[in-house]
Amino acid sequence: MGVLELFAAVLIVGISCINAVLPAAAWSRSRDGRFLFLSAANAGLVLLGLVWTWGQLPWNPPSWAAAQLPVLGLALLVVLLLLATTLWPRRT
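In this text, all values refer to a predicted model and were calculated from it rather than measured experimentally.

Draft legend 1. Expanded view of helix H2 (residues 33–56). Taking 1.5 Å of rise per residue, 24 residues should cover 34 Å, and H2 covers 35 Å from first to last C-alpha, within 8% of that figure. For H2, every residue scored as buried is listed here: Ser39, Asn42, Leu45, Val46, Gly49, Trp52, Thr53, Gly55 and Gln56. Contacts made by the buried residues of H2 are with helix H1 (3–30) and helix H3 (69–87).

Okay, structure coming up:
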C-alpha cells in the first residue's frame, strides 16, 4: 500500500464526483445528450477510482484492484481535463 497511490485514487474519486454533478445539472435543464455522456464518463471514473482506492487499502483486496502510480497519474490527468471542459467558459 502506497500513500501516494491512495491519495491519487481518492483525488480521482473526489474530482470525478464533483465533475459529474455539473453536467448532470446542465442535462436536467437542457436535455442535451452531451451533458449526460459527460456525466456518465465521470461516474465511470468515480467507480474506477473506488476500485483503485479499494486496491490500496489493507483489507485484502484482489490483485486486479491494484493500480500503479503511472496509471493513476494518467487517470488523474484525464479527470483534470474533463474538469477543465466543464469549467471552461462558453463562447457566446
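Further notes follow.
Draft legend 2. Spatial organisation of the packing of H2 against H3. Two numbers describe how H2 lies on H3: the axes approach to 11 Å, and their chain directions differ by 155 degrees. Here H2 is positioned roughly antiparallel relative to H3, judged by the angle of their axes. The chirality of how H2 crosses H3 is left-handed. On H3, the residues that touch Leu38, Asn42, Leu45 and Trp52 of H2 are Val71, Leu72, Ala75, Val78, Val79, Leu82, Thr85 and Thr86. A breakdown of the residues in the contact of H2 with H3 according to their chemical character gives nine nonpolar, three polar and no charged.

Calculation criteria
- In every chain, residue numbers begin from 1 and rise along the written sequence.
- Confidence filtering applies because this is a predicted model: local features only for residues at pLDDT of at least 70, side-chain atom pairs given and counted only at 80 or more, and all residues used for totals across whole chains, interfaces and linings.
- Calculation of side-chain values draws on the structure's entire complement of heavy atoms; hydrogens and water are dropped beforehand.
- Where helices and strands are cited, they refer to DSSP runs of H or I of at least four residues and of E of at least two residues respectively, numbered from the N terminus.
- Each helix should span, by expectation, one fewer than its residue count multiplied by 1.5 Å.
- Each residue gets one of three labels from its accessible area relative to the maximum for its type: buried under 20%, exposed over 50%, partly exposed in between, using a 1.4 Å probe on protein chains only.
- What makes two residues a contact is simply this: any of their non-hydrogen atoms within 4.5 Å.
- The angle between two axes is taken between their N-to-C directions and runs from 0 to 180 degrees, where each axis is a line fitted to C-alpha atoms and a helix contributes only its stretch in contact.
- Small angles under 35 degrees read as roughly parallel and large ones over 145 as roughly antiparallel, with 65 to 115 read as roughly perpendicular and the rest as oblique.
- In this scheme, a crossing is called left-handed if the near helix is turned counterclockwise away from the far one by less than a right angle; it is called right-handed if the turn is clockwise.
- Gly counts as polar in this scheme, as do all residues outside two lists: the nonpolar Ala, Val, Leu, Ile, Met, Phe, Trp, Tyr, Cys and Pro, and the charged Asp, Glu, Lys and Arg.

These figures come from the coordinates and say nothing about function on their own.
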